[in-house]
Structures are given as C-alpha cells and as structure tokens.
Amino acid sequence: MFEAIAFYLFAILTIVMFTITVMTKQALFALTALAAGMIFVSAFFFILGADFLGVVQIIVYTGAVMALYAFGMMFFDTTREVKERNGSSLIVMGLSTLSAVFTVVIFSAPVVSSKIESIYPTIEGATNSQSVGMVLFTKYLVPFELAAVMLLVAMVAGIVLAGKKMDRSLTLMAEEEILLSQEANKKVIL
Amino acid sequence: MEIGLTHYLVLATILFSIGLIGVMRRKNLLMLFFATEILLNAVNIGFAAISHYYNDLTGQMFAFFIIAVAASEVAVGLGLLIVWHKRTGNINLDTMSSMRG
C-alpha cells in the first residue's frame, strides 16, 4: 500500500520535473528541475531495495554532475532565452513512432523473457551494500577498474580542456601583473 | 494494489520518451546534455527494477557503470563545450557545421 503510494507520488513528480527540463525556455529552470528529478529518481532505487545505488545516484548526480553543470553554465549566457528549432511535423511523427515502438517492446519484453534465471542472486542475510560489494569486487572487478581509469581520463580531459592558463594564480600575482595580463587578454580577444 | 515490474518499465519508458523528445527538439547544446542525462536515468530505473524483481544484482552493477559513464561524459562534454564557447561565442547546434555535415 505504502509502496504504491510512494511509487505513484514519485512517478508523477519525476515525470513533471523532467518535462519541465525538456520544455522550458530558461536554462536555470531546466537545471534546477533536472536536479530535483535526479533526487526523485533516487527514491525509486530506495523503494526497490537498491540502497547503495540510491545513495550513489544522489552523490554523483546532484553532487557532482549538477555542480559541474552549474559551473559550466557560468561560462554561458544563461539569461538569454533558449531559441528552439521549429518542430517539423516529420520529426514529431518519427519521434512518436519511435516512442510507441519502444513502449510495445518494453511491454512485451517481460512476457518473452519469462524464463530468466539470475546469474548473481542476491545473498541471503546480507544488506544491499554488502552484497553489492561482494559482486562488484569478485565478478565485476575488471570493469570496475576500467571505470576508474575512464573517470581518471575524463578528469584529466576536463582539466586540460576547460582549465587553460591555470598555471597562473591571480592570488599570488602583484596588482601590476594582473593589470598587464588583463591588457594582454583584451588584445587577444580584439 | 501491488506494484509490479511492468509499472517500473512503463515509468522508464515514459521518462525515456521525455528524454527522446528533449533530444529531438533542443537546439542549445547544454539542453541537449540535460536530455541525455534524462535518457540515462530512465534506463537506470529499468535496470534497478529488473534487478529487484528477478533477485539478481547484475542490473544494479550495470546501473553503477552507467552512472560512471554519465559522469565522465559530463566532464569531457562540458570541457569541449567551454572550449567551443570560447572560440565561437555560442553553443547553438546549427552553427556547428564546419565539417559540412
């Protein structure tokens, strides 16, 4: 009973938030609605008993990804209204067809695959975090390490791409040096 | 009223369709990134639901790796976006036609 109430409540909230994200013209509205939607999505993970996944969802998405987007938006002009392309009827038709096909496939998928057996069943008497740790560090150790390397590469790439001229620290420079560097920047921009 | 696997899969479908609509109608590249985040989250819900109803932890593992992929995608994508914005001054998708695609 409570599960049903929670499910419908969070389903409606998530759908509304993500619809706002997709449909709004203000970039800040989209960002905040997306952050709220991410937190509501983590509620489903808690309902489903995947506690660790829910915590990771909150930490990674609303902690890291949203903060990154917020920093990124400081570089862009977010007060300007976002212009959208005029939706041609062809795109809308193709989109609706695709969505309908997806719906049918997802409805029929559990019926087709009713004889699924679990490869790594949930361990009796262990909490979700414990069983996740057991499976992650035995069966999925190599993908786990590869994901770590991938995150490291992504971090280096992000720093290299976004952090140009990071070798100069404004706090350690004298006033004249800062003024000189600003003049030099103006010349580059002009 | 019992909440079954189908409920979650239908919800994941709806969210995936919302993300798909976002990918189709957005012209601003930052908004396009938001829509891809919605797509990844919808798939994550489906994975977690199947993991719960089939008593299998594989779905949760895949959800973890999807989250890792999403995080690195955001880092690299935003870096590229900032470089592009510094060079051209806008992040409009229609102006990115230097390869005559």
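See the structure above.
Summarised in this report is the structure supplied together with it. Computed from a prediction, not measured in an experiment: that's the story for all the values here.

### Considerations on the overall build of chain B
Line of reasoning, step 1. Per the secondary structure count, chain B includes three helices and zero strands.
Line of reasoning, step 2. Among the 101 residues that make up chain B, the fraction classed as buried is 57%.
Line of reasoning, step 3. Sequence separation of 24 or more characterises 60% of the internal contacts of chain B that already satisfy a separation of 6 or more.
Line of reasoning, step 4. Put simply, chain B shows about 4100 Å² of open surface, and 67% of that area lies on carbon and sulfur atoms.

### Let's talk about the overall build of chain A
Line of reasoning, step 1. Within chain A, the secondary structure is distributed over seven helices and zero strands.
Line of reasoning, step 2. Shown N-terminal to C-terminal, the secondary structure of chain A runs as helices and strands in the order α-α-α-α-α-α-α.
Line of reasoning, step 3. Counting every position in chain A, which comprises 190 residues, the buried fraction comes to 28%.
Line of reasoning, step 4. Across chain A, contacts joining residues at least 24 apart in sequence account for 47% of those joining residues at least 6 apart.
Line of reasoning, step 5. Total accessible area computed for chain A in this model is approximately 12400 Å², and 73% of it derives from carbon and sulfur atoms.

### A few points about the nonpolar core
Line of reasoning, step 1. Counting residues in each nonpolar core, the largest one holds 60 residues, and the members touching the most others are A:Y69, B:L30 and B:F34.
Line of reasoning, step 2. When contributions to this core are tallied by element, the ones reaching two or more residues are α1 (2–23), α2 (27–47), α3 (51–75) and α5 (128–136) of chain A together with α1 (5–25), α2 (29–53) and α3 (58–88) of chain B.
Line of reasoning, step 3. Sequence-distant contacts of B:L30, defined by excluding residues within four places in its chain, comprise A:Y69, A:M73, A:F76, B:L78, B:L81 and B:I91.

### Focus: α1(B)
Line of reasoning, step 1. Over its 21 residues, α1(B) runs 30 Å from end to end, which matches the ideal 30 Å to within 8%, given 1.5 Å per residue.
Line of reasoning, step 2. Along α1(B), the positions that sit buried rather than exposed are B:L5, B:Y8, B:L9, B:L11, B:A12, B:T13, B:L15, B:S17, B:I18, B:G19, B:L20 and B:G22.

### Describing the interface of chain B and chain A
Line of reasoning, step 1. On the side of chain A, 77 residues touch chain B, which itself brings 68 residues to the contact.
Line of reasoning, step 2. In total, about 6800 Å² of surface goes out of reach between chain B and chain A, with carbon and sulfur atoms giving 76% of it.
Line of reasoning, step 3. At the boundary of chain B and chain A, one finds zero salt bridges.
Line of reasoning, step 4. For the interface between chain B and chain A, the tally reads five residue pairs in polar contact (both at pLDDT 80 or more).
Line of reasoning, step 5. Counting only elements with at least two residues in the side of chain B that touches chain A, the list comes to α1, α2 and α3 of chain B.
Line of reasoning, step 6. Broken down by element, the side of chain B that touches chain A gets its largest block of residues, 24 residues, from α3(B).

### Concerning the packing of aromatic side chains
Line of reasoning, step 1. A complete count under the given rule lists twelve aromatic pairs over all chains for this structure.
Line of reasoning, step 2. Where A:Y69 meets B:F34, the ring centres are 4.9 Å apart and the plane angle is 85°; that geometry is what we call edge-to-face. Here the residue A:Y69 occupies a position in helix α3, and B:F34 occupies one in helix α2, the pair thus bridging two chains. As far as the burial class goes, A:Y69 and B:F34 line up, both buried.

### Points about the packing of α3(A) against α2(B)
Line of reasoning, step 1. Running from amino to carboxyl end, α3(A) crosses α2(B) at an angle of 175°, the nearest separation of the two axes being 13 Å. Considering their axes alone, α3(A) and α2(B) lie roughly antiparallel with respect to each other. Residues A:L53, A:Q57, A:Y61, A:V65, A:Y69 and A:M73 of α3(A) form the contact with α2(B), whose own contacting residues are B:L30, B:F33, B:F34, B:E37, B:L40, B:N41, B:N44 and B:A48.
Line of reasoning, step 2. For the contact of α3(A) with α2(B), the residue count by class is ten nonpolar, three polar and one charged.

### A few points about a nonpolar patch on the surface
Line of reasoning, step 1. A surface patch of nonpolar side chains, amounting to about 710 Å² of accessible area, comprises A:Y8, A:I12, A:V16, A:I20, A:L28, A:F29 and B:M1.
Line of reasoning, step 2. Contributions of two or more residues to the nonpolar patch are made by α1 and α2 of chain A.
Line of reasoning, step 3. Of note, A:F29 is situated in helix α2.

### Re the side chain of B:N44
Line of reasoning, step 1. Following the sequence through the fold, B:N44 ends up in helix α2.
Line of reasoning, step 2. A relative accessible area of 0% places B:N44 in the buried class.
Line of reasoning, step 3. In contact with B:N44, not counting residues within four places along its chain, are A:F45, A:Q57, B:A63, B:I66 and B:I67.

Parameters and conventions
Just so you know, the residues in each chain are numbered from 1, in the order the chain's sequence is written. All chains are assigned letters beginning at A, and all ligands numbers beginning at 1, according to the order in which they are written. Two thresholds apply to this predicted model, a pLDDT of at least 70 for residue-level local features and 80 or more for giving and counting side-chain atom pairs, whereas whole-chain, interface and lining totals are computed over all residues. The basis for every side-chain value is the complete set of non-hydrogen atoms in the structure, without hydrogens or water. Elements are defined by DSSP. Helices are runs of H or I of four residues or more, strands are runs of E of two residues or more, and each kind is numbered from the N terminus. Throughout this description, buried means an accessible area under 20% of the type-specific maximum (1.4 Å probe, protein chains only), exposed means over 50%, and partly exposed covers the range between. Here a residue-residue contact requires only that any non-hydrogen atoms of the pair lie within 4.5 Å. Surface accessibility in these figures is a Shrake-Rupley result with a 1.4 Å probe; residues are shielded only by whichever protein chains are displayed. Nine residue types can take part in a nonpolar core, namely buried Ala, Val, Leu, Ile, Met, Phe, Trp, Tyr and Cys, and a core is a set of them joined through side-chain atoms within 4.5 Å. Multiplying one less than the number of residues by 1.5 Å gives the expected span of a helix. Once two parts are joined, some of their accessible surface, as seen by a 1.4 Å probe, is lost; buried area is that loss totalled over both. We count a salt bridge whenever a side-chain nitrogen from Lys or Arg sits within 4 Å of a carboxyl oxygen from Asp or Glu. Pairs of N or O atoms are called polar contacts if they sit within 3.5 Å, as long as, within protein, a hydrogen donor faces a hydrogen acceptor (for residues adjacent in sequence, only side-chain-to-side-chain pairs). Classification of ring pairs uses Phe, Tyr and Trp, with its six-membered ring standing for Trp, and accepts pairs whose centres are within 6.5 Å; under 30 degrees between planes counts as stacked, over 60 as edge-to-face, and the remaining range as tilted. Comment: axis = line fitted to C-alpha atoms, over the contacting stretch for helices; angle = value between 0 and 180 degrees taken between N-to-C directions. Working rule for angles: under 35 degrees goes down as roughly parallel, over 145 as roughly antiparallel, 65 to 115 as roughly perpendicular, anything else as oblique. Under the scheme applied, nonpolar residues are Ala, Val, Leu, Ile, Met, Phe, Trp, Tyr, Cys and Pro; charged residues are Asp, Glu, Lys and Arg; polar residues are all the others, including Gly. Every patch collects residues that have over 30% relative accessible area and no salt bridge, joining them within 9 Å if they carry like charges and within 5 Å if they are nonpolar side chains (Val, Leu, Ile, Met, Phe, Trp, Tyr).

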